[in-house]
Number of protein chains: 2
Amino acid sequence: MYRTHTCGELRAEHIGQTITLAGWVQRVRDLGAMSFIDLRDRYGITQLLIDENTPKDATEILEQLGREFVIQATGTVRERSNKNKNIATGDIEIEISGLKVLSPSAVPPFTIQDDTDGGDELRMKYRYLDLRRNAVRKNLELRAQMAHSVRTYLTENGFIETETPVLIKSTPEGARDFVVPSRMNPGEFYALPQSPQIFKQLLMVAGFDKYFQIVKCFRDEDLRADRQPEFTQIDCEMSFVEQEDVLNTFEGLTKYTFKNVLNVEVDNFPRMPYSTAMEKYGSDKPDIRFEMLLHDITDLSQGKGFSIFDSAEYIGAISAKGCAEYSRKQIDELTDWVKRPQIGAKGLVYVKYNADGSFKSSVDKFYSAEDLKTWAETLGAEPGDLILVLSGDKAKTTDALGTLRLEMGNRLGLRKKGTYQPLWVVDFPLLEWDEESKRFFAMHHPFTSPKPEDIDLLDTDPGKVRANAYDLVINGVEIGGGSVRIFDSELQAKMFDVLGFTPEQAKAQFGFLMNAFKYGAPPHAGIAFGFDRLVSMFAGLDSIRDVIAFPKNNSGRDVMNDSPAPIEKEQLDELYLQLKKLN
Amino acid sequence: MYRTHTCGELRAEHIGQTITLAGWVQRVRDLGAMSFIDLRDRYGITQLLIDENTPKDATEILEQLGREFVIQATGTVRERSNKNKNIATGDIEIEISGLKVLSPSAVPPFTIQDDTDGGDELRMKYRYLDLRRNAVRKNLELRAQMAHSVRTYLTENGFIETETPVLIKSTPEGARDFVVPSRMNPGEFYALPQSPQIFKQLLMVAGFDKYFQIVKCFRDEDLRADRQPEFTQIDCEMSFVEQEDVLNTFEGLTKYTFKNVLNVEVDNFPRMPYSTAMEKYGSDKPDIRFEMLLHDITDLSQGKGFSIFDSAEYIGAISAKGCAEYSRKQIDELTDWVKRPQIGAKGLVYVKYNADGSFKSSVDKFYSAEDLKTWAETLGAEPGDLILVLSGDKAKTTDALGTLRLEMGNRLGLRKKGTYQPLWVVDFPLLEWDEESKRFFAMHHPFTSPKPEDIDLLDTDPGKVRANAYDLVINGVEIGGGSVRIFDSELQAKMFDVLGFTPEQAKAQFGFLMNAFKYGAPPHAGIAFGFDRLVSMFAGLDSIRDVIAFPKNNSGRDVMNDSPAPIEKEQLDELYLQLKKLN
């Protein structure tokens with residue numbers, strides 16, 4: 001037996017007991033007459049005491065110890081003279097009677113502390129040491145707790161967790177698949193699933209009624225900061241439901257998880273049409289923790305001789321509370337900020353609504369105080385506020401203004417961590433026009449149902465058709481999305497037609513799903529949450545990387561075990577493959 | 001709203017209520033003056049009634065209906081005159097006021113009934129219809145229930161479920177890896193994990209203390225009846241534990257799951273050394289639901305002039321209760337059975353211990369009744385029993401005799417379904433000699449710890465070294481196995497040496513694990529259960545295929561969606577790959 005207790009377990013009530021602990025040496029403090037070892041494991045830290053009463057062989061072992069040695073210590077629990085209120089075991093210490101090194105340690109490449117001196121790259125290379133740090137391990141414990149909470153809620157609500165295959169069929173539509181050559185079927189490949197979409201719809205055809213799965217998905221995309229080639233979804237599907245049934249169920253799941261894991265009550269979840277989100281927040285994932293809405297002032301500001309505005313499709317503004325005092329330098333800096341390529345605005349017009357009720361703007365030449373007052377009224381601005389105006393192409397300008405809104409929210413401290421404001425964005429467009437290929441793409445995916453009242457528009461004005469599609473957004477982060485599915489094979493065929501598939505192409509790619517629909521498909525709808533992102537939100541982190549035990553870097557590499565890696569020629573031969581010469 | 005209730009929900013207490021149901025038409029019975037529809041969903045079957053009071057439009061729809069149509073029915077719950085005790089809703093029926101077809105169905109290729117007329121191949125091609133059958137869906141519901149039960153137990157016992165990567169590094173040791181070409185790293189490949197072995201050991205180095213995961217694993221092997229290229233494990237690892245700690249924990253898990261899911265109490269789990277299992281049961285996974293032990297009668301039966309026995313390394317026997325009455329024909333048939341290539345015995349010697357106390361054997365020429373009596377005494381045989389004897393090479397003969405024992409157990413009805421007899425087989429050999437490559441292989445894997453008292457034998461007689469390795473066996477089925485791991489980098493280096501790795505090869509393949517062990521590795525041990533097999537045992541099935549939603553066939557194909565499949569040349573180009581010409 002290696003231990004009688006963990007390092008987080010002993011309390012005053014254990015005083016006098018003889019116990020054995022095992023763990024890692026966090027640090028050793030030598031005070032001359034006595035020495036202390038902080039012994040650490042997953043559960044906490046316990047102080048070990050070595051003094052003149054300690055047997056000599058234990059004292060000798062003390063001298064060999066370094067940070068991160070794994071040791072086993074036996075001794076008596078006693079009251080500390082100097083209690084430590086910061087740790088749960090702070091009332092006691094262990095007077096050592098026996099000490100043993102279970103496993104020595106080389107000097108670690110960085111300190112195993114919340115505030116480590118290790119850089120990102122070094123920590124990834126030695127991820128198994130990085131994971132020893134409390135802060136990192138806590139994120140993974142949180143992840144496990146959340147997964148179990150989600151599973152408990154969905155299981156109790158009648159969902160059947162069903163594993164769908166990882167080795168599936170490649171479909172060129174959508175993002176790029178990872179493929180897996182089949183040795184038993186030479187020249188043929190499996191693909192790894194980007195999502196279990198088709199399988200979960202087949203489970204509905206199969207009468208499973210309510211399906212879920214916490215499942216790994218894969219996308220071979222060029223990776224941005226917050227993307228990983230493998231990621232985890234909470235994937236769900238329900239039969240005989242309408243949109244509101246799905247929304248209510250997953251509202252329940254979200255509330256339950258917040259309450260159960262963070263002990264946070266989240267409010268009801270407003271529904272906001274996509275069009276409102278775009279017009280009022282300049283984003284399909286609005287952060288509604290603060291107002292500062294976008295206002296269209298096109299009509300109010302054209303025809304006054306300011307040619308930039310007069311030629312603009314759209315002029316929009318936000319009002320930043322209490323920012324009228326911004327200096328010239330601050331305004332210049334904001335102007336530079338909106339002109340960065342990521343935002344792409346041509347310039348920034350400001351209007352200071354001074355505390356004394358006067359106006360000072362960068363367009364005073366064209367607009368009277370009267371004119372500016374109408375802007376202020378439209379925006380609900382008050383003396384002391386700063387109005388910021390962007391103009392140009394409507395889509396790009398609302399987008400830029402939405403980003404500026406978030407930036408001003410940050411600067412004003414309106415995006416408070418620990419406050420959670422969820423909402424459902426609904427009524428997404430069904431289709432997106434792609435200028436390059438001159439065709440429509442499905443905004444969500446090809447199985448998403450149009451709103452019944454918009455079906456006629458499929459023939460006349462497909463771009464106007466709204467979908468029964470929805471996203472859950474919390475604090476400006478898209479947590480998940482889904483849709484009501486098409487369950488009628490004729491409507492599905494029409495949808496493929498609008499998307500430019502020939503019947504043959506549609507059949508080759510999705511034939512078995514359309515075939516399944518011929519045998520009595522129930523109405524069904526579903527949703528998927530990005531689990532990595534949900535966990536990182538719960539953990540208060542900006543990146544998903546720290547909630548993944550062994551993440552990959554931006555080149556898709558695991559720097560710890562140096563993979564991917566070349567494979568043996570025999571392996572390639574068995575797969576009937578050869579490498580092309582690289583340039 | 002598609003339904004107010006499910007098809008399994010309505011009882012006598014609902015009589016008089018107006019309700020709406022939705023589901024699949026199981027069958028329509030036309031009795032002239034009235035018709036009945038059996039409406040089915042996941043939750044049950046409810047009888048719908050159409051008679052002279054039914055509105056005409058509903059009656060008209062009735063005429064279009066066929067099996068597996070999806071319909072919605074509104075009506076009033078009323079008491080059945082003819083109650084059906086076989087179904088939970090058998091007290092009531094629905095007098096229909098409205099009927100609607102949600103989705104028509106073509107005639108299904110086989111009947112959706114427990115006793116279907118569909119063959120295996122057809123059912124796999126239309127798996128989404130096969131899954132509609134209660135018997136099949138129940139297996140998947142059982143699977144989900146078991147997974148949740150396992151997760152609850154392990155979570156409550158302090159295990160952290162941690163997802164390990166699916167895209168990992170290929171290691172040539174062990175079974176064949178599936179590989180995944182990396183587009184971002186041309187010429188390089190990921191592998192899919194055969195198990196998360198290395199990652200879970202790294203999590204122990206990281207101080208996670210108790211890890212588990214229900215996880216998909218992959219092996220590119222030629223498939224036998226009960227193998228799938230992707231399969232699911234309950235994978236676990238614990239720190240600061242010895243073998244008995246792991247055994248007790250997973251005994252607890254097994255008992256909990258049996259109790260919680262099947263309401264079955266399983267007894268304590270005996271520990272049996274591998275050597276005993278081989279000698280007494282001729283198997284490393286003994287079915288201990290019945291005795292009929294193997295007995296070594298070599299010493300008793302040599303030197304009596306029977307040259308086949310005299311030249312045999314081993315002579316072993318079992319005694320089959322009450323089988324002395326076996327006819328000549330039955331004995332001949334058994335003899336043919338043991339001579340089949342799968343068993344490979346050269347012949348079968350029998351001794352009938354007749355009810356009157358006399359003996360009749362196939363070797364009466366060489367052995368007196370006195371001789372045969374000593375055999376019977378050794379075997380504990382009684383008048384009326386049949387003694388069956390095999391001889392030859394010891395390993396092959398015990399194996400054949402073990403198989404014969406199981407066959408006799410089947411014939412005598414001693415292997416009762418619904419009875420569960422678990423045991424731990426312990427003290428496996430550490431190494432296995434491979435005659436072909438003239439080297440030792442790790443029987444479990446290269447990280448398995450030898451028994452401390454056997455470590456010296458590593459230098460002198462490696463084949464004799466026993467491992468701290470263990471298997472859980474229930475009813476003759478290996479449910480899982482694991483081992484105490486090596487956590488000392490020197491012992492690990494020695495182990496690689498015994499396995500014939502050069503230090504360079506060991507470093508190239510397992511360098512990052514050995515490196516990790518330099519920074520304070522805790523003593524640790526683990527185990528993995530085959531989840532598919534555990535579920536199939538709980539379901540009372542012989543194959544794992546029916547507890548997998550979308551299994552592959554013996555060529556690794558999904559016949560439903562016809563994968564694997566060729567991919568586009570563009571996809572290959574992006575991966576810097578080309579196909580070799582097939583012969």
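Residues numbered from 1 in each chain as written. Chains lettered and ligands numbered in written order. Predicted model: local features only at pLDDT ≥ 70, side-chain atom pairs only at ≥ 80, totals over all residues. Heavy atoms only, no water.

Some points on helix α15 (residues 503–516) of chain A
The first and last C-alpha atoms of α15(A) sit only 16 Å apart over 14 residues, clearly below the 20 Å expected at 1.5 Å per residue. The sharpest bend along α15(A) comes to roughly 90 degrees, located at F510(A). Regarding α15(A), the residues found buried are A506(A), Q509(A), F510(A), G511(A), F512(A), L513(A), M514(A) and A516(A). Packed against the buried residues of α15(A) are α5 (197–205) and α14 (489–498) of chain A together with α3 (127–130) of chain B. (Helix = DSSP H or I, 4+ residues; strand = E, 2+ residues; numbered from the N terminus. Expected span 1.5 Å × (residues − 1). Bend = angle between axes of the 7 residues up to and from the residue. Buried < 20%, exposed > 50% of the residue type's maximum accessible area, 1.4 Å probe, protein only. Contact = heavy atoms within 4.5 Å.)

Brief notes about the sheet that holds strand β10 (residues 230–239) of chain B
All names here are of chain B. Read from one edge of the open sheet, 8 strands run β6-β9-β10-β22-β21-β20-β17-β11, paired in mixed fashion. Each edge of the sheet is formed by a strand with only one pairing partner; in this case those strands are β6 (160–161) and β11 (271–273). The pairing of β11 with strand β17 (residues 422–426) spans 3 bridges and is classified as parallel. Bridge pairing in β17 links P273 to V426. (Pairing = 2+ DSSP bridges.)

Looking at the interface of chain B and chain A
The partner chain A presents 122 residues to the 123 residues of chain B that form the contact. When chain B packs against chain A, the two sides together hide about 10900 Å² of surface, and 61% of this comes from carbon and sulfur. Across the chain B-chain A interface, the total number found is 16 salt bridges. Notably, a salt bridge pairs R143(B) with E163(A), separated by 2.8 Å at the nearest N-O pair. Seen at the junction of chain B and chain A, the total is 61 residue pairs in polar contact (both at pLDDT 80 or more). With 9 residues, helix α4 (residues 134–156) of chain B is the largest single contributor of residues to the side of chain B that touches chain A. Summarising the sheet, strand β23 (residues 577–579) of chain A and strand β23 (residues 577–579) of chain B pair through 3 bridges and their orientation is antiparallel. Residue pairing in the sheet places Q578(A) in a bridge with Q578(B) of β23(B). (Buried area = accessible area lost by both parts, 1.4 Å probe. Salt bridge = Lys/Arg side-chain N within 4 Å of Asp/Glu carboxyl O. Polar contact = N/O pair within 3.5 Å; in protein donor to acceptor, adjacent residues only side chain to side chain.)

Focus: the relation of the copies chain B and chain A
Overlaying chain B with chain A gives an RMSD of 0.1 Å, the required rotation being 180 degrees about an axis along which the chain moves by 0.0 Å. Interpreted geometrically, this transformation is the action of a two-fold axis. Interface overlap between copies is the fraction of interface residues in one copy that are interface residues in the other; for chain B against chain A it reaches 99%, indicating a shared surface. (Least-squares fit on C-alpha atoms with pLDDT ≥ 70 in both.)

Focus: the pairing of strand β10 (residues 230–239) of chain A
The two faces of a sheet get side chains in turn, since along a regular strand they alternate between them. All names here are of chain A. A large share of β10 lies buried, amounting to 10 of its 10 residues. Residue alternation in β10 divides its side chains into two sets, E230, T232, I234, C236 and M238 and F231, Q233, D235, E237 and S239, and both sets are buried. In terms of strand pairing, strand β9 (residues 210–218) meets β10 through 9 bridges, oriented antiparallel. Counterpart to K210 in the pairing with β10 is M238.

Some details on the environment of N561(B)
Inspection of the secondary structure assignment puts N561(B) in the loop between α16 (531–539) and α17 (569–574). Using a relative accessible area of 2% as the deciding quantity, one classes N561(B) as buried. Along the sequence, N561(B) and E188(B) sit 373 residues apart, while their C-alpha atoms lie 29 Å from each other. Residues in contact with N561(B), not counting those within four places in the same chain, are K169(A), F199(A) and F512(A).

With respect to the domain arrangement of chain A
Considered domain by domain, chain A is made up of domain 1 (12–103), domain 2 (137–272 + 421–560) and domain 3 (290–411). Placing the centre of domain 1 of chain A and that of domain 2 of chain A at their C-alpha centroids yields a distance of 51 Å. (Domains from an automatic or database assignment.)

Brief notes about the side chain of T46(A)
Residue and element names in this part refer to chain A. As for its placement among the helices and strands, T46 is situated in strand β3 (residues 44–50). At 2.6 Å, the side chain of T46 forms a polar contact with the backbone oxygen of C7. Residues in contact with T46, not counting those within four places in the same chain, are C7, G8, L21, I37, D38, L39, T89, I92 and I94.

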